[in-house]
Amino acid sequence: HYESDPRVIRMAEAAVDAGFAVDVIALRRPGQLLRESIRGVHVYRIQARYRGGSLLRYMWEYVQFFTLCTLLSAWLCISRNYTVVHVHNMPDALVFSSIVPKLFGARIILDIHDPMAETYGSKFRIAADSVVSRLLLVQERLSVAFANKTITVSEPVKSGILVKRGYAPEDIGVVANFADDKIFTPIEYPSIDGVIRFVFHGTILERNGLRTLVEAAAQIRNSERIRIRIIGEGDFSATLHELIRDRGANHIIEFINRTYPLYEMPRMLSDCHVGLVPLDIGMSTVANFALPLKLVEYACLGLPSICVRNAAIEYYFKSNECMFFNSGDTAALARLLDQSAERPECLIEYRKRLQEVRDRLLW
């Protein structure tokens, strides 16, 4: 969905600022216009999105989206004469939907947000040496070969995953998944009135550590002084509602089960004191290389964060710039929640360090 994908928005608007005319072909939510101009970007919405546990259903949705993208990009190419087609995975094979623009001279960029073999291995419990994983690696290699340039979201994804697959380092570029400084500007830190407000925003998936977060919330000592807000939608939403209820955490956790446009997020976070990034690294090998954009957004707003350790986060953040805990350690996360409530002055110290982080990690 264009309006809630920060990376696609930033790249599209950067191209507009540079003098390009930009069309985006994206997914459609119920009630949205089929065609709309947003801040100078022409958005074409062609298909609803499936969220669920069926691999076959995902593949069928990909085939449908691929077909519609191929037809629409071919039709638009007649009048638009594209210079560049920038394809965001998943799937990687979506690059082949740009065949007509490529025949007319367009250059093709493949943007690997998520390495597919690892991502689908974690979602569907697929072994790394399975036929499905091998097929996913084959389609990735063919897609990279078809594209004129391949880029990805961080140096750890490039060096820790893609280069180890055999791609030459010079063939993979990095445009890091940092925050847009025009949107995520430092906010006035909300007063601490006896209650510390924590927030998680993003896709509601189990691998984002939300089970760990609920279990930790059920263990805290300072339940009257801690409030947690979760914002987003995704496959884990129904289970998350049940977990919050079953752990008796309804008075602590507010689950806003919807997605907001990117430009509304600073407002939604403006009364919060601490961002939460409880990513579950044990559920996926790729999670160790993920730099959650929400972490960078919190830093740019001036919100201290409680965060797991992984290769990508420790590559971009120093040890004293986040309140770190080990992935899956609910007791450690509960302690950090309690310490934030008992010693809120420490949050101010973390906040002071975030100006340097912001200067270092801006889009």
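Reading the values: the criteria
Residues numbered from 1 in each chain as written. Predicted model: local features only at pLDDT ≥ 70, side-chain atom pairs only at ≥ 80, totals over all residues. Heavy atoms only, no water. Helix = DSSP H or I, 4+ residues; strand = E, 2+ residues; numbered from the N terminus. Buried < 20%, exposed > 50% of the residue type's maximum accessible area, 1.4 Å probe, protein only. Contact = heavy atoms within 4.5 Å. Pairing = 2+ DSSP bridges. Axes fitted to C-alpha atoms, helices over the stretch in contact; angles between N-to-C directions. Salt bridge = Lys/Arg side-chain N within 4 Å of Asp/Glu carboxyl O. Polar contact = N/O pair within 3.5 Å; in protein donor to acceptor, adjacent residues only side chain to side chain.

(A) Quick look at the overall build of the protein. Scanning the protein for helices and strands turns up 13 helices and 13 strands. A principal-axis box enclosing the C-alpha atoms of the protein has dimensions of 65 × 45 × 40 Å. In the protein, buried positions account for 54% of the 363 residues. For the protein, the share of sequence-separated contacts (at least 6 apart) that also reach a separation of at least 24 residues comes to 70%.

(B) Representation of the sheet that holds strand E3 (residues 41–45). Taking strand neighbours across the sheet as the criterion, the three strands line up as E1-E3-E2 in an open arrangement whose pairing is mixed. In this open sheet, the two edge strands, each paired with only one partner strand, are strand E1 (22–26) and strand E2 (35–38). Pairs of neighbouring strands in the sheet enclose a mean axial angle of 25°, with direction left out of account. With four bridges connecting them, E2 and E3 associate as antiparallel partners. Across the sheet, the residue bridging to Arg35 is Tyr44, located in E3. Across the sheet, helix H1 (residues 6–17) lies against E1 and E3, angled at about 165° from E1, the strand it touches most.

(C) Up close: the pattern of salt bridges. Inspection of the entire model under this criterion finds 25 salt bridges. The shortest N-O distance in the salt bridge between Glu264 and Arg267 comes to 3.1 Å. Here Glu264 falls in the partly exposed class, since its relative accessible area comes to 30%. With its nearest N and O atoms 3.8 Å apart, the salt bridge here joins Arg343 to Glu345. Here the salt bridges share partners, and the residues they tie into one network are Glu3, Arg29, Glu36, Arg45 and Glu233.

(D) How the structure looks around the environment of Arg35. Looking at the secondary structure, you find Arg35 in strand E2. In this structure the C-alpha to C-alpha distance between Arg35 and Arg45, which are ten residues apart in sequence, comes to 6.2 Å. The residues touching Arg35, leaving out its near neighbours within four places in the chain, are Val43 and Tyr44. A distance of 3.4 Å separates the side chain of Arg35 from the side chain of Tyr44, its partner in a polar contact.

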